[in-house]
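Residues per chain, in single letters:
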Amino acid sequence: MKLLLGIMWLLHWLPLPLLGRMGEAVGSLLYAVVGSRRKIALTNLRLCLPHLSEDERRDIAKKHFQAYARSVLERAVLWWAPEARLKRLIQVEPGVPMDVIQSGPTILLCPHFVCLDVAGVAVALETSACSIYTRQKNKAFDDALRKGRSRFHPVRLFSRGEGVKPIIRAMRERLPFFMLPDMDFGAKDAEFVPFFGIQAATLTAPARIAAATGAKVIPVIATFLPNYQGWKIRFYPPWEDFPGGDITAATRRMNAFIEERALEAPAEYFWAHKRFKTRPAGETSVYG
């Protein structure tokens, strides 16, 4: 792992267009050889985009593998490139909402697009934050990941097992909560709400934490700029009347927003995750 990290460090010196093309080549290879993940991605696309032809879904799946591998190699730039280079490469629209963050508790809602780490860096260039973190099995990689994410401003990381209390305390100290809301962690603390018309176990934590703290919820989406020129981070206006009086309706609203963004950049949404792994009682696995 230390050797691989050394190679990653060397990669950060490369021009981004070259690094991006290298990543896409690696992604094409992974699409060909990693059959289990390819099957998951194609199953998700078949369920979520049934109006497309099989060839169209395969094209999106292949481009997704290319985009994901590209994002992994480009992480070298995020972890080691100087601040000035990152600011040239990261286009933030309309800007990190520091006025909202400084005014009270804030949730930065960042769905699983392949460039989500860039969104974290865009925030870290301006302010400290808190987030949920899963410790990596390899210590060298874990250390590199932590340093890479906190080298501009301190980032307070909590394990999922600690629950929401430390997150709420940090938010009340004006640390925005950088939250990834759209993975299947099982039925606990989740409800089945539609995602592209399929019942999906979806975390209710964004709505529950917003209700408990009065937090503003600001979606943030990270995507590639065209022609390997860098990344675009878009901060959306804070959601009005969220969560309202109905946690389930608020969670459904969140999924509908993610659907719209995924349709705008379908190859960059994380289709290789078993989003429908947890099924309602009586339903069999969709993944075989």
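Being a predicted model, the structure only gives us computed values, none of them experimental.

1. A short note on the side chain of D182
Right, so step 1: Within the secondary structure layout, D182 lies in the loop between β5 (177-179) and β6 (190-195).
Right, so step 2: For D182, which is buried and forms no salt bridge, the nearest opposite charge comes from R275, at a distance of 5.8 Å.
Right, so step 3: Polar contacts involving the side chain of D182 include one to the side chain of Y269, which spans 2.6 Å.
Right, so step 4: The contact partners of D182, leaving out residues within four places of it in the chain, are P111, H112, I258, Y269 and R275.

2. What to know about helix α9 (residues 165-172)
Right, so step 1: For α9, the set of buried residues is P166, I167, I168, A170 and M171.
Right, so step 2: Against the buried residues of α9 lie β2 (106-109), β3 (129-132), β4 (155-158), β5 and α10 (205-213).
Right, so step 3: Phi turns positive, to about 75°, at R174, one or two residues after α9.

3. Some remarks on the packing of helix α3 (residues 35-48) against helix α4 (residues 54-80)
Right, so step 1: Two elements in contact, α3 and α4, have axes whose closest approach is 10 Å; the angle formed by their N-to-C orientations is 130°. Compared by their axis directions, α3 and α4 come out oblique. Handedness of the α3/α4 crossing: right-handed. Contact residues: R37, R38, A41, L42, L45 and R46 in α3; R57, R58, I60, A61 and F65 in α4.
Right, so step 2: When grouped by side-chain class, the residues that make up the contact of α3 with α4 number six nonpolar, no polar and five charged.

4. Side note on the sheet that holds strand β1 (residues 90-93)
Right, so step 1: On the basis of which strands lie adjacent, the open sheet formed by seven strands has the order β1-β9-β8-β2-β5-β3-β4 and mixed pairing. Pairing within the sheet leaves two strands with one partner each, and these edge strands are β1 and β4. Averaged over neighbouring strand pairs, the angle between their axes works out to 25° when direction is ignored.
Right, so step 2: Pairing of β3 with β5 involves two bridges; the strand directions are parallel. In the sheet register, C130 faces β5, and the bridge partner there is F177.

5. A few points about the packing of α9 against α10
Geometry of a packed helix pair, given as the angle between the helix axes and the separation of the axes.
Right, so step 1: Running from amino to carboxyl end, α9 crosses α10 at an angle of 50°, the nearest separation of the two axes being 11 Å. On the basis of their axis angle, the class for α9 and α10 is oblique. Considering the relative orientation of α9 and α10, their crossing is right-handed. Packed against α9, whose contacting residues are I168, M171 and R172, the element α10 presents I209, A212 and T213 at the interface.
Right, so step 2: Residue classes in the contact of α9 with α10 are distributed as four nonpolar, one polar and one charged.

6. What to know about the packing of aromatic side chains
Right, so step 1: Applying the stated rule across the entire model yields 14 aromatic pairs.
Right, so step 2: Between W239 and F257, the ring centres sit 5.4 Å apart and the planes meet at 80°, which makes this aromatic pair edge-to-face. Residue W239 is found in the loop between β9 (231-235) and α11 (247-264), and its partner F257 is found in helix α11; the two are separated by 18 residues along the sequence. Across the pair, exposure class does not vary: W239 and F257 are buried alike.
Right, so step 3: For the ring pair Y269 and W271, a centre distance of 5.2 Å and an interplane angle of 75° mean the geometry is edge-to-face. Neither residue differs from the other here; Y269 and W271 are each classed as buried.
Right, so step 4: What links up through ring pairs into an aromatic cluster is the set F113, F195, F196, Y269, W271 and F276.
Right, so step 5: Note that R70 overlies the ring of F224, its terminal NZ or CZ placed 3.7 Å from the centroid.
Right, so step 6: One residue, R261, lies across the ring of F257, its end atom 4.8 Å from the ring centre.

Rules behind the numbers
- Residues numbered from 1 in each chain as written.
- Predicted model: local features only at pLDDT ≥ 70, side-chain atom pairs only at ≥ 80, totals over all residues.
- Heavy atoms only, no water.
- Helix = DSSP H or I, 4+ residues; strand = E, 2+ residues; numbered from the N terminus.
- Buried < 20%, exposed > 50% of the residue type's maximum accessible area, 1.4 Å probe, protein only.
- Lys, Arg positive; Asp, Glu negative; His and termini not counted.
- Salt bridge = Lys/Arg side-chain N within 4 Å of Asp/Glu carboxyl O.
- Polar contact = N/O pair within 3.5 Å; in protein donor to acceptor, adjacent residues only side chain to side chain.
- Contact = heavy atoms within 4.5 Å.
- Axes fitted to C-alpha atoms, helices over the stretch in contact; angles between N-to-C directions.
- Parallel < 35°, antiparallel > 145°, perpendicular 65-115°, else oblique.
- Left-handed = near helix turned anticlockwise from the far one by under 90°.
- Nonpolar A, V, L, I, M, F, W, Y, C, P; charged D, E, K, R; others polar.
- Pairing = 2+ DSSP bridges.
- Phe/Tyr/Trp six-rings, centres within 6.5 Å; stacked < 30°, edge-to-face > 60°.
- Lys NZ or Arg CZ within 6 Å of the ring centre and 35° of its normal.

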